[in-house]
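# Overview (structure and organization)
These are the residues of each chain, in order.
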Amino acid sequence: VGLEPGEMAVLLAESGLGEKEARMRARQLWNWIYVNGATDFQAMTNIAKPMRETLAEGFVVQRPEIVTEQVSADGTRKWLFRFTDPATPNAPPVDVETVYIPEEDRGTLCVSSQVGCTLTCSFCHTGTQRLVRNLTAGEILNQILAARDRLGDFPGGVRPTDGLVPEGESRAITNIVMMGMGEPLYNYDNVKKALLIAASGDGISLSKRRITLSTSGVVPYIEPTGREIGVSLAISLHAVRDDLRNELVPINKKWPLAELIAACHSYPGLNNARRITFEYVMLKGINDSDADARELVRLLAGIPAKNNLIPFNPWPGSPYECSDWDRIEGFAEIVNRAGYASPVRTPRGRDISAACGQRKAETERLTRKQREALEGA
C-alpha cells in the first residue's frame, strides 16, 4: 500500500519476474488493493495460484491495527490506528487518530499526516503532542482503506448496522480532508503521493474536488500543492492580525499574513467554482469582535473564498472559551453581508473527543529510547 504501479513492477522484477509480467501483475495488484480492498493474496483470483503463493512469501498488504473505535451519538466515528512497519520490526508502533463524519449528502474522512505535530497552535489539543514522525504515503492511504473496510465501502462490504452510516449505493466515504493530526505540508512528498493515488481514476477514484488539504500556512508549498496535487485548499487562519496570529498559530512568525494571503491569491486553479476555505476558530474575547470580522473581509478581498467559523472545542487545560452564540452569529453576519459565505461548523463528535482541535493520540508516551529508534528507522 502506497506504491505506484511502476514501483510495484520494479519490486516484482527484483523478485524474479520478467519486465512485461511484472508490469501486468502490478496492474492486477493495484486493482485488487485499491478497487477491491483485498489484503489476502489468495483472494486475488485472476492471478495464478503459484504466483499468489510467491507474492504471499515476499510481500504483505497490511492494514493498521484498530486499537479503539468510538462512535458518537451524532454518528461520528473515531478510530485509533496503530501502525507497525514489517520492514523494520524493531521500531516501536505509532498511534494515529482518524475521524469519519457522516452527513445526509456526504461522508467525510478526516485523515492525519503526522504522528503528533510541530506547530504548537495554542488552541489545539493536537499541538500539545510533540512530533514523533511523518506518516508514510502507505500509512496515509491505509487510514482511508481501513475506514472503507469498517464502513463496508468496498465491493461486497457490509455497512455497520447501527443506522449511523448512510445506506444506499453511494459510497460511505465521499470526501477526504487532510485535517487530522499534523501539518500536511511539512510531510509534502508523502501527502502528495497518497492523495494522487487516492484521486487516481483506476484506484480509489475520489474527485480532486472532494479532497481538501488544510495548512496552517507553509507558504513555500502552497503553490506546488495546487500545481502538482490539484486538490482543494483550506487555510487555518484563526486571526486577522499578525500579533494575535503569532500567538495562536506560531508558524505566522515565519510566514506572516501578507505572505500567506499573497500565496492564496495565486493558488493554481482558483476560481469562483473552486474557492479556498478559510478556517476560523471562534475564541471568546480573543478574535471574535466586529472589528475582527471587518478585517477578515478586508484580508480576503479579491480571493474566491468561503469561511468556516468553528466554535471552539474545549479540551483539558485549554486557556480558551468558545465565543457566545450570539457573538458568532454577529461575526458571521458581517462576513456574509460582504459576500463571503461563512457557515458555522456544527461541532461533531465532541463526546468522543473527535471534534476539530481535540485529537491527540497516545504515541507521545513513548520512551526516549523508543523515540530514538523511530527517528533512526
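See the structure printed just above.
Residues numbered from 1 in each chain as written. Predicted model: local features only at pLDDT ≥ 70, side-chain atom pairs only at ≥ 80, totals over all residues. Heavy atoms only, no water.

### Quick notes on the packing of aromatic side chains
Counted only if it meets this: Aromatic rings from Phe, Tyr and Trp, taking only the six-membered ring of Trp, are treated as a pair when their centres fall within 6.5 Å; an angle between ring planes under 30 degrees marks them as stacked, one over 60 as edge-to-face, and anything in between as tilted. Classification of residues uses two cut-offs on accessible area relative to the type maximum, computed with a 1.4 Å probe and protein chains only: under 20% is buried, over 50% is exposed, and between them is partly exposed. Counted as over-ring charges are cases with an Arg CZ or a Lys NZ within 6 Å of the ring centre that also lie within 35 degrees of the ring normal.
Counted according to the given criterion, the structure contains 5 aromatic pairs. Taken together, a centroid distance of 5.9 Å and an interplanar angle of 10° make the contact between Trp-79 and Phe-81 stacked. The residues Trp-79 and Phe-81 share a single accessibility class, namely buried. Here Phe-312 and Tyr-320 contribute two aromatic rings whose centre-to-centre distance is 6.3 Å and whose plane-to-plane angle is 75°, an arrangement assigned as edge-to-face. Owing to a relative accessible area of 2%, Phe-312 belongs among the buried residues under this scheme. In this structure, Arg-148 packs its charged tip against the face of Phe-154, placed 4.4 Å from the ring centre.

### Things to note about the packing of helix α9 (residues 290–299) against helix α10 (residues 325–337)
Going by this rule: Lines fitted to the C-alpha atoms define the axes, with helices restricted to the stretch that makes contact. Angles between their N-to-C directions range from 0 to 180 degrees. Secondary structure counts use DSSP, requiring at least four H or I residues in a row for a helix and at least two E residues in a row for a strand, with both numbered from the N terminus. Working definition: roughly parallel below 35 degrees, roughly antiparallel above 145 degrees, roughly perpendicular at 65 to 115 degrees, and oblique for all remaining angles. Left-handed describes a crossing whose near helix is turned anticlockwise from the far helix by less than a right angle; the clockwise case is right-handed. Two residues qualify as a contact provided that any one of their heavy atoms is within 4.5 Å of a heavy atom in the partner residue. All residues other than Ala, Val, Leu, Ile, Met, Phe, Trp, Tyr, Cys, Pro, Asp, Glu, Lys and Arg, Gly among them, are scored as polar; the first ten of these are nonpolar and the last four charged.
As a packed pair, α9 and α10 sit with axes 9 Å apart at the nearest point and diverge in direction by 30°. Here α9 is positioned roughly parallel relative to α10, judged by the angle of their axes. Between α9 and α10 lies a crossing whose hand is right-handed. Taking contact as the criterion, the partners of Asp-290, Asp-292, Ala-293, Arg-294, Leu-296 and Val-297 in α9 are, on α10, Arg-327, Phe-331, Ile-334 and Val-335. Residues of the contact of α9 with α10, tallied by class, amount to 6 nonpolar, no polar and 4 charged.

### What to know about the pairing of strand β2 (residues 77–83)
The side chains of a regular strand alternate between the sheet's two faces. Let me state the cut-off plainly: Strand pairing is assigned whenever DSSP identifies at least 2 bridges connecting the two strands.
Taken across its 7 residues, β2 has 6 buried, putting it largely inside the fold. The sheet contact formed by strand β1 (residues 65–71) and β2 spans 6 bridges and is antiparallel. Residue pairing in the sheet places Gln-70 in a bridge with Lys-78 of β2. What sits between β1 and β2 in their antiparallel hairpin is a turn of 5 residues, with Gly-75 showing a positive phi close to 95°. Here β2 pairs with strand β3 (residues 94–102) via 7 bridges, running antiparallel. Bridged to Arg-77 within β3 is Tyr-100.

### Topic: the sheet that holds β3
Overall, mixed pairing links the 9 strands, which are arranged β1-β2-β3-β4-β7-β8-β9-β10-β11 in an open sheet. Each having just a single partner strand, β1 and β11 (305–311) make up the two edges of the open sheet. Mean inter-strand twist for the sheet, computed between neighbouring axes without regard to direction, equals 20°. Pairing between strand β9 (residues 232–236) and strand β10 (residues 276–282): 3 bridges, direction parallel.

### Looking at the nonpolar core
Selection criterion: We define the nonpolar core as a collection of buried residues of types Ala, Val, Leu, Ile, Met, Phe, Trp, Tyr and Cys that are connected through side-chain atoms lying within 4.5 Å of one another.
With 104 residues, the main nonpolar core has Tyr-34, Leu-109, Phe-123 and Phe-278 as its most contacted residues. Not counting residues up to four positions away in its chain, the partners in contact with Phe-278 are Ile-235, Leu-237, Ile-261, Cys-264, Leu-300, Ile-303, Ala-305, Lys-306, Asn-307 and Asn-308.

### Section: empty space enclosed by the protein
Heads up, the condition is: Here a cavity denotes grid points, spaced 1 Å and computed from the protein atoms alone, that fit a 1.4 Å probe unable to get out, and a pocket denotes an open set having protein on both sides within 12 Å along at least 5 of 7 lines; residues with an atom within 4 Å of a point are the lining. Grid points are joined across faces, edges and corners, and a volume is the space filled by probe spheres set on the points.
By the definition in use, this model includes 1 cavity of 30 Å³ or more. Roughly 30 Å³ of volume is contained in the largest cavity. Counted by class, the lining of the largest cavity contains 4 nonpolar, 1 polar and 2 charged residues.

### A look at the pairing of strand β7 (residues 175–178)
Our working definition: Looking down the strands as they point away from the viewer, one classifies a crossover as right-handed if the path from the first strand across the helix to the second runs clockwise.
Alternating positions in β7 separate into two faces, Asn-175 and Val-177 on one and Ile-176 and Met-178 on the other, with burial throughout. Two elements, strand β4 (residues 107–110) and β7, share 3 bridges in a ladder whose sense is parallel. Within the sheet, the bridge partner assigned to Leu-109 lies in β7 and is Ile-176. Strand direction decides the pairing type here: β7 and strand β8 (residues 211–215), joined by 3 bridges, are parallel. Paired with Ile-176 across the bridge in β8 is Ile-211. Running through helix α5 (residues 188–199), the crossover from β7 to the neighbouring parallel element β8 is right-handed.

### Remarks on the pattern of salt bridges
To keep it simple, the criterion reads: The term salt bridge refers to a pairing of a side-chain nitrogen on Lys or Arg with a carboxyl oxygen on Asp or Glu at a separation within 4 Å.
Considering all chains together, one arrives at 21 salt bridges under this definition. Across the salt bridge formed by Arg-77 and Glu-69, the nearest N and O atoms sit 3.9 Å from each other. On the accessibility criterion, Arg-77 (4% relative accessible area) is buried. Judged by its relative accessible area of 30%, Glu-69 falls in the partly exposed class. As a salt-bridge pair, Glu-139 and Arg-133 come within 2.9 Å of each other at their nearest N and O atoms. Arg-133 shares its class with Glu-139; the two are buried.

### Examining the environment of Val-281
Structurally, the position occupied by Val-281 is in strand β10. The class of Val-281 is buried, set by a relative accessible area of 5%. Sequence separation between Val-281 and Asn-313 is 32 residues, and the spatial gap between their C-alpha atoms is 8.8 Å. Look past the residues within four positions of Val-281 in its chain and what remains in contact with it is Phe-123, His-238, Asn-287, Ile-310 and Phe-312.

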